[in-house]
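The primary structure of each chain is shown beneath.
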Amino acid sequence: MHGNGDEARNARRLPSVDAVLRTSAGQALAERFGRPATVDAIRAVMAAARESAKGDMTPDDAASGAEQRLERAQAPRLKPVFNLTGTVLHTNLGRALLAEEAIEAATDAMRHAVALEFDVENGGRGERDDIVRGLLCELTGAEDATVVNNNAAAVLLVLNTLAEGRGAIVSRGELIEIGGAFRMPEIMQRAGAKLVEVGTTNRTHKRDYANAIDGETGLMLKVHTSNYRIEGFTAEVPARELAELARANGIPLVDDLGSGTLVDLALFGLPHEPTVAEAVAAGADIVTFSGDKLLGGPQAGFIVGRKDLIEKINRNPMKRALRVDKIRLAAIEATLRLYRDPDRLAERLPTVRLLARRARDIEASARRIVSRVAGLIGPDYSVEVVDCASQVGSGAVPLETMPSAGLSLRPADGSTGGELDRLAAKLRGLPVPVIGRIANGALLLDLRCLEEEDEFLNNLKRSCVIPEPSIEGRS
Ligand SMILES: *Cc1c(COP(=O)(O)O)cnc(C)c1O
């Protein structure tokens, strides 16, 4: 090809890998990142240089290019971000933030040997579920409890244990899909249960359930329609009535609460969401709920209810594949313990604290930082304090919003579209990415979840020094 001569000439202007490694910068890199990774990075710098038509490259240039590559590769992918989306339990941003007590317990469990399946009193074998069983029973009023990887796993395990090869009766109004991969009919199929749909999308009556019960019925399932609501001409059967029907027919009623909460959120000025204790008291034989939604703990799925059924569930070999590790168990235990003192919950549990923040306090925060944010963002954008609405997220109380406040950023020249996207990308490119949402021609930063104003401002200060994300290696 006619470019070969140029390439060859370019190649001659590049230092050898060894020459780069011999520079003091190169040696420092090899010490810091290891020799193989450093060699790879230097080779990558050379390859990029050969592609471009740039001139000479000294060994020091190459070392500095390699350093940038190595640092980028070293940066964690799972990096902290500022969640200013206004969605407190954002599934894509990791849902609940853990309480300090839970973080400490998890860290201890990581660092030390722990009595995970060991009975310290008698020196014999213990059961890992025992660590949280007592607390779960105390807080929910259930007879027995167990814990698995997440609520999807809880539902799968319950269906498989109680309804494999048998029918699971569920209302057509409750055949939900949560975030794409979790669709109730598909989970049922994977669990080996036969889906028996009853009623219609908007109305399901007690007689619909009653008519569907036969010798093949494994269980009746009630599902909290977490992320949507059917309004207008609707009817659903209260859990208490379903429980009566189930008991009369000798089949278990399973209530998948989804988010589930252990306290009445109305205490914190939030809309009432059914509590686990209420579902247990209503007569459900099994109740399932998540650990990292309203409960505010780590990812987990809780199964509470009748002792004989929980024992059966624990004997299912699938349980072993779905169990949680010591780190999460430690965090779960510490989180549940906080619920013993509801008066201090809002102070200690971040999820409740953030949900309960009052709009006027959030607005005060916005007023404190607005002029400094405007100064840091520069004259190309106007920044103002605005009212907005936050949501709980993760399918809890889907239609209710909470009054909040934030900063609205828009291009000073009135342009929208591309310019806004560029601003959003710039904020995402910060050392700690700032995630807002674009609405009404502006980038909105809802400050409900911003508790560290100084860290936020310091991070923003670095917006002028960060390289544009598109520039590769050394320029
Ligand atoms: C969220 C949810 C699930 C899934 O729970 P994960 O903890 O996310 O696995 C299942 N059922 C309902 C009703 C839910 O809201």
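I will try to describe carefully the structure that is included in this document. (Residues numbered from 1 in each chain as written. Predicted model: local features only at pLDDT ≥ 70, side-chain atom pairs only at ≥ 80, totals over all residues. Heavy atoms only, no water.)

Considerations on the pairing of strand β12 (residues 402-411)
With eight of its ten residues buried, β12 lies for the most part within the structure. Pairing geometry for strand β11 (residues 381-390) and β12, over ten bridges, is antiparallel. Following the sheet pairing, A389 is matched in β12 by P403. Note that β12 and strand β15 (residues 442-446) share four bridges and pair antiparallel. Looking at β15, one finds that S408 is bridged to L444. (Buried < 20%, exposed > 50% of the residue type's maximum accessible area, 1.4 Å probe, protein only. Helix = DSSP H or I, 4+ residues; strand = E, 2+ residues; numbered from the N terminus. Pairing = 2+ DSSP bridges.)

Things to note about the packing of aromatic side chains
Applying the stated rule across the entire model yields two aromatic pairs. On the numbers, 5.4 Å between centres and 90° between planes, the contact of F82 with F456 is edge-to-face. Highlighted residues: F82 in strand β1 (residues 82-83) and F456 in helix α20 (residues 453-461), separated in sequence by 374 residues. F82 gets classed as buried once you look at its relative accessible area, which sits at 8%. The class for F456 is buried, based on a relative accessible area of 1%. Measuring from centroid to centroid gives 5.2 Å for F289 and F302, while their planes differ by 35°, and the two rings are tilted. On the criterion of sequence distance, the pair formed by F289 in strand β9 (residues 286-290) and F302 in strand β10 (residues 301-305) is long-range, its members being 13 residues apart. (Phe/Tyr/Trp six-rings, centres within 6.5 Å; stacked < 30°, edge-to-face > 60°.)

Describing the site of the ligand
Within the structure, the ligand sits among 14 residues, and A152, S226, D256, S290 and K293 are positioned closest to it. Here N151 contributes a backbone N or O atom positioned 3.0 Å from an oxygen atom of the ligand. A distance of 2.8 Å separates an oxygen atom of the ligand from a polar backbone atom of A152. When the ligand sits alone it has 380 Å² of accessible area, and the protein chains cover 94% of it. Only α8 (151-163) and β8 (253-258) provide two or more residues apiece to the shell around the ligand. Of the residues belonging to the shell around the ligand, the class tally is five nonpolar, six polar and three charged. (Near = heavy atom within 4 Å. Polar contact = N/O pair within 3.5 Å; in protein donor to acceptor, adjacent residues only side chain to side chain. Areas by Shrake-Rupley, 256 points an atom, 1.4 Å probe, with all protein chains shown as cover. Nonpolar A, V, L, I, M, F, W, Y, C, P; charged D, E, K, R; others polar.)

Some thoughts on the side chain of R133
Relative to the helices and strands, R133 is located in helix α7 (residues 130-140). Look past the residues within four positions of R133 in its chain and what remains in contact with it is E127, D144, A145 and N314. (Contact = heavy atoms within 4.5 Å.)

Thoughts on the environment of D308
Note that D308 resides in helix α13 (residues 307-315). Separated by 165 residues in sequence, D308 and E143 have C-alpha atoms that sit 9.3 Å apart.

Notes on the pattern of salt bridges
Under the definition given, this model contains 32 salt bridges. A salt bridge links E127 to R133, with the nearest nitrogen and oxygen atoms 3.7 Å apart. With its nearest N and O atoms 2.7 Å apart, the salt bridge here joins R368 to E453. Residue R368 is located in helix α18 (residues 359-377), and its partner E453 is located in helix α20; the two are separated by 85 residues in the primary sequence. Three or more residues joined by partner-sharing salt bridges are found here, namely E127, D130, R133, D144, K307 and E311. (Salt bridge = Lys/Arg side-chain N within 4 Å of Asp/Glu carboxyl O.)

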